[in-house]
Amino acid sequence: MKWKVTQSKHHIKPQSRGGREIDNIVVLPHSFHKAWHLLFDTLTVEEAHLLIDMIMRPNRTWTISLIKKLRKKIEKKDVNKQYERG
Ligand SMILES: [Zn+2]
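Everything quoted here is computed from the prediction, not taken from an experiment.

Each value, and the rule that gives it
- One numbering rule holds for all chains: residues counted from 1, following each sequence as written.
- For a predicted model such as this one, the threshold for reporting local features is a pLDDT of at least 70, and the threshold for listing and counting side-chain atom pairs is 80 or more; totals across whole chains, interfaces and linings nevertheless cover every residue.
- Only runs of H or I of at least four residues qualify as helices and only runs of E of at least two qualify as strands under DSSP, and these elements are numbered from the N terminus.
- With C-beta atoms placed from the backbone, a residue is labelled by how many other C-beta atoms lie within 10 Å of its own: buried for 20 or more, exposed for 12 or fewer, partly exposed between the two.
- An automatic or database domain assignment supplies the start and end points of every domain.
- Here the nonpolar group is Ala, Val, Leu, Ile, Met, Phe, Trp, Tyr, Cys and Pro; Asp, Glu, Lys and Arg are the charged ones; every other residue, Gly included, is treated as polar.
- Here, axes are lines fitted to C-alpha atoms. For helices the fit covers the stretch in contact, and angles between N-to-C directions go from 0 to 180 degrees.
- When an angle is under 35 degrees it counts as roughly parallel; over 145 it counts as roughly antiparallel; between 65 and 115 it counts as roughly perpendicular; any other value is oblique.
- A clockwise turn of the near helix away from the far one marks a right-handed crossing, whereas an anticlockwise turn of less than a right angle marks a left-handed crossing.
- Whether two residues are in contact depends on their C-beta atoms, placed from the backbone: they are in contact if these lie within 7 Å.
- Residue-level confidence of the predictor, termed pLDDT, takes values from 0 up to 100.

Draft legend 1. Examining the environment of Glu 21 more closely. With respect to the helices, strands and loops of the structure, Glu 21 is situated in the loop between strand 1 (7-11) and strand 2 (25-29). Under the C-beta neighbour-count criterion, Glu 21 is labelled exposed, with 9 such atoms within 10 Å. Considered as a pair, Glu 21 and His 11 are 10 residues apart in the sequence and their alpha carbons are 7.5 Å apart.

See below:
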């Protein structure tokens, strides 16, 4: 993927989840911004940390479908400790 030189505004707390314009905008390189949403959709930074922590474990195989399901569970705060530690 090539980096574009343009920049775009990202809502740190997603607008769709109540994020407001004030004190909630970070300007990112457009390519980084696009990659963020590809990986984390509308997760918050804390939720993205949790997603990475849960995915990057040895001897696991992840499909796009499983990652999307996990992302939804994290967004809905529906992650139990068992699954988290799994
Ligand atoms: Zn964004």
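Having seen the structure, we can now continue with the description.
Draft legend 2. Expanded view of the domain arrangement of the protein. Assigned domains of the protein: these are domain 1 (1-41) and domain 2 (43-86). Of the residues that constitute the side of domain 1 that touches domain 2, the class distribution is two nonpolar, no polar and two charged.

Draft legend 3. How the structure looks around the packing of helix 2 (residues 45-55) against helix 3 (residues 64-75). Here helix 2 crosses helix 3 at 140 degrees, and the two axes come no closer than 10 Å. With respect to each other, helix 2 and helix 3 are oriented oblique. As helix 2 packs across helix 3, the resulting crossing turns out to be right-handed. In this structure, helix 2 uses Glu 47, Leu 50, Leu 51, Met 54 and Ile 55 to contact helix 3, whose residues at the interface are Ile 67, Leu 70, Arg 71, Ile 74 and Glu 75. Among the residues making up the contact of helix 2 with helix 3, the classes are represented as seven nonpolar, no polar and three charged.

Draft legend 4. Up close: the confidence of the model for the protein. On average, the protein scores 90 in pLDDT, and the residues at 70 or more come to 91%. Mean pLDDT across the secondary structure elements of the protein bottoms out at helix 4 (residues 81-85), with 53, and peaks at helix 3, with 97.

Draft legend 5. Structural context of unusual backbone geometry. Not every positive phi belongs to a glycine, and Asp 41 is a case in point at roughly 50 degrees. Look at Lys 77: it is not a glycine, yet its phi comes out positive at around 55 degrees. Inspection of the secondary structure assignment puts Lys 77 in the loop between helix 3 and helix 4.

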